[in-house]
Amino acid sequence: MIKSCVIGWPISHSRSPLIHGYWLKKFGIEGSYERIPVEPEKLPAFLHSLADNGFAGCNVTLPHKEQAFRLVTPADEPTERLGAVNTVFVKDGKVLGTNTDGEGFINSLRAGAPALGIRNSRVIVLGAGGAAVAITNALLLNGAGEVVVANRSIDKAENLRKRFGNRVKPLEWTKRNDQLSECELLVNTTSLGMKGQEDLQIDLTMLAPKAVVTDIVYVPLRTKLLAAAAARGNPVVEGLGMLLHQAVRGFELWFGVRPAVTIELHDLIARDIDPGYKT
Ligand SMILES: NC(=O)c1ccc[n+]([C@@H]2O[C@H](COP(=O)([O-])OP(=O)(O)OC[C@H]3O[C@@H](n4cnc5c(N)ncnc54)[C@H](OP(=O)(O)O)[C@@H]3O)[C@@H](O)[C@H]2O)c1
C-alpha cells in the first residue's frame, strides 16, 4: 500500500484527494491519498517522520510552501530558484522537495491555447504572490521575451525583477490597463475574482483580439475576467487546468505511473466545484 497526502492549514477545501483518488482507481493502484491538516509549528516534525509514517511523499499547500522548502532537500535547480515546494517525495531515505506549479501552468496553457507561442512573447502577470513567482519563473524558462508584473505592493514586483532579471518589468497596479495593447498573454494570479473575494477590476478595451487570457483562480471555474475576455472573442484558459496539470508529476513520483489529464478528470473536478457544471 503506497501512501501520500496533502498537507496545509487549513486543508479541508483541497481537491487534490479527488484528483489523485481518480488516478489511483483508474490505474488499479493499491494506494491512498488523504488530506492532513498540519499546523505550521508541527511542519518540521511531520516532514521529519514522513517516511517512518509510511508515506511516499505529500503535496504541500498554503501556508507551508516556503517553510517546507527550508526543511527538505531541493530536488532540482528550478526549485532552488523558487524557494518554495509543493511536492515532497522520499527517495533513498531522503526527503526531497520539488515544485510543479510552473509546469502545471505551462502545460495547462499549452493544452488550452495551443496556438500561443510563449517564446519571445510579451506577458502581463497580475499579482506577485507565491503563485506569480512560480509562473513568472516558468514563463521565463520557456523563453517569454518580457513579463510585466503588476502588483498592488510594487516592492514584490520589484523583488521578482531582482530575482529573475530584467525581462521582468514591474508595473504599478494602478497602471495595469495601460500596457494591454502590446500583450499576447494576460495572466491573473491575484486572488481577486475568487469566490468570496472582491472582483478584479480591469478594462480589456485595449487588449488585442488574439491575446490569450488566463486566470489561475478556479472557483468559480469561469471568473468574470475570463467571461469578459471570452465575450470579446479572446481565447481563454481556466485555472482548473493548472490544478490538474500540477498534480501529474507528484502522482508519478509517489505511485510510479505518469497519469494523463483527461476530460473525464476535468469534468469530475469541475462538477465538485460547480454541481451544475456541464461539459
Ligand atoms: N490553479 C491553480 O492550480 C492555483 C495554484 C496556486 C494558486 N492558485 C490561486 O491563485 C491565487 C493566488 O495564490 P497565491 O498563493 O499566489 O496567493 P498570495 O501569495 O497570497 O498572493 C495573492 C496576490 O493577490 C494580490 N491581491 C490580493 N488582494 C488584492 C487586492 N484587493 N487588490 C490587489 N491585489 C490583491 C496580492 O497583492 P499584494 O502582494 O499587494 O498583497 C498578491 O499579489 C489564489 O486564489 C489561489 O487559490 C491557483
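Refer to the structure presented above.
None of these values were measured; they are calculated from a predicted model.

Draft legend 1. Quick peek at the nonpolar core. Ranked by size, the top nonpolar core spans 30 residues in total, and within it Phe105, Leu109, Val125, Leu139, Val149 and Leu185 carry the most contacts. Those elements that place two or more of their residues in this core are helix H5 (101–112), strand E7 (122–126), helix H6 (130–141), strand E8 (146–151), helix H7 (154–164) and strand E10 (185–188). Considering each element in turn, this core owes the most residues, seven residues, to H6. When neighbours within four sequence positions are excluded, Leu109 is seen to be in contact with Pro114, Leu116, Ile118, Leu185, Val212, Thr214 and Val237.

Draft legend 2. Fine view of the sheet that holds E10. Spatially, E9-E8-E7-E10-E11-E12 is the arrangement adopted by the six strands of the open sheet, whose pairing is parallel. Only two strands of the sheet have a single partner each, and these edge strands are strand E9 (168–172) and strand E12 (236–237). In this structure, E10 lies alongside strand E11 (residues 212–215), joined through four bridges in parallel fashion. Within the sheet, the bridge partner assigned to Asn188 lies in E11 and is Asp215.

Draft legend 3. Spatial organisation of the pattern of salt bridges. The final tally for this structure, using the stated rule, is 10 salt bridges. A salt bridge links Arg249 to Glu103, with the nearest nitrogen and oxygen atoms 2.7 Å apart. In this pair, Arg249 sits in helix H9 (residues 240–255) while Glu103 sits in helix H5, placing the two residues 146 residues apart along the sequence. Exposure remark for Arg249: the relative accessible area of 21% places this residue in the partly exposed category. Using a relative accessible area of 25% as the deciding quantity, one classes Glu103 as partly exposed. Taking the shortest distance from any N to any O, the salt bridge between Asp199 and Lys224 comes out at 2.9 Å. With Asp199 in the loop between E10 and E11 and Lys224 in helix H8 (residues 224–231), the pair connects residues that are 25 residues apart, well separated along the chain. For Lys224, a relative accessible area of 57% translates into the label exposed.

Draft legend 4. Examining the packing of aromatic side chains more closely. Counted according to the given criterion, the structure contains six aromatic pairs. Look at Tyr33 and Trp254: their rings are 5.9 Å apart centre to centre, the planes differ by 45°, and that puts the pair in the tilted class. Note that Tyr33 is positioned in strand E2 (residues 31–37) and Trp254 in helix H9, a separation of 221 residues in sequence. Residue classification places Tyr33 among the buried residues on the basis of a relative accessible area of 9%. For Trp254, a relative accessible area of 4% puts it in the buried group. With a centroid separation of 6.2 Å and 45° between ring planes, the pair formed by Phe46 and Phe55 is classed as tilted. On the accessibility criterion, Phe46 (14% relative accessible area) is buried. On the basis of relative accessible area, Phe55 is assigned to the buried category, the value being 8%. Joined through ring pairs, the aromatic side chains of Trp23, Phe27, Tyr33, Phe251, Trp254 and Phe255 make up one cluster. The positively charged end of Arg176 is found above the aromatic ring belonging to Trp173, 4.3 Å away from the centroid.

Quick notes on the rules
- Throughout, a residue's number is its position along its own chain's written sequence, starting from 1.
- Note on the predicted model: pLDDT of at least 70 is required for a residue's local features to be given, and 80 or more for side-chain atom pairs to be given and counted; whole-chain, interface and lining totals, by contrast, use all residues.
- As a rule here, side-chain values come from all non-hydrogen atoms in the structure, and water together with hydrogens is ignored.
- Put simply, a nonpolar core is a bunch of buried Ala, Val, Leu, Ile, Met, Phe, Trp, Tyr and Cys residues held in one set by side-chain atoms that sit within 4.5 Å of each other.
- Each residue's exposure class comes from its accessible area (1.4 Å probe, protein chains only) as a fraction of the maximum for that residue type: buried when under 20%, exposed when over 50%, partly exposed otherwise.
- Elements are defined by DSSP. Helices are runs of H or I of four residues or more, strands are runs of E of two residues or more, and each kind is numbered from the N terminus.
- Contact criterion: two residues are considered in contact whenever any of their non-hydrogen atoms come within 4.5 Å of each other.
- At least two bridges found by DSSP between two strands are what make those strands a pair.
- Within this document, salt bridges are pairs made up of a side-chain nitrogen of Lys or Arg and a carboxyl oxygen of Asp or Glu, the two lying within 4 Å of each other.
- Only Phe, Tyr and Trp rings are paired, with Trp represented by its six-membered ring, and only when their centres lie within 6.5 Å; those with planes under 30 degrees apart are stacked, over 60 edge-to-face, the remainder tilted.
- Comment: the charge-over-ring label is applied if NZ (Lys) or CZ (Arg) is within 6 Å of the ring centre and within 35 degrees of the ring normal.

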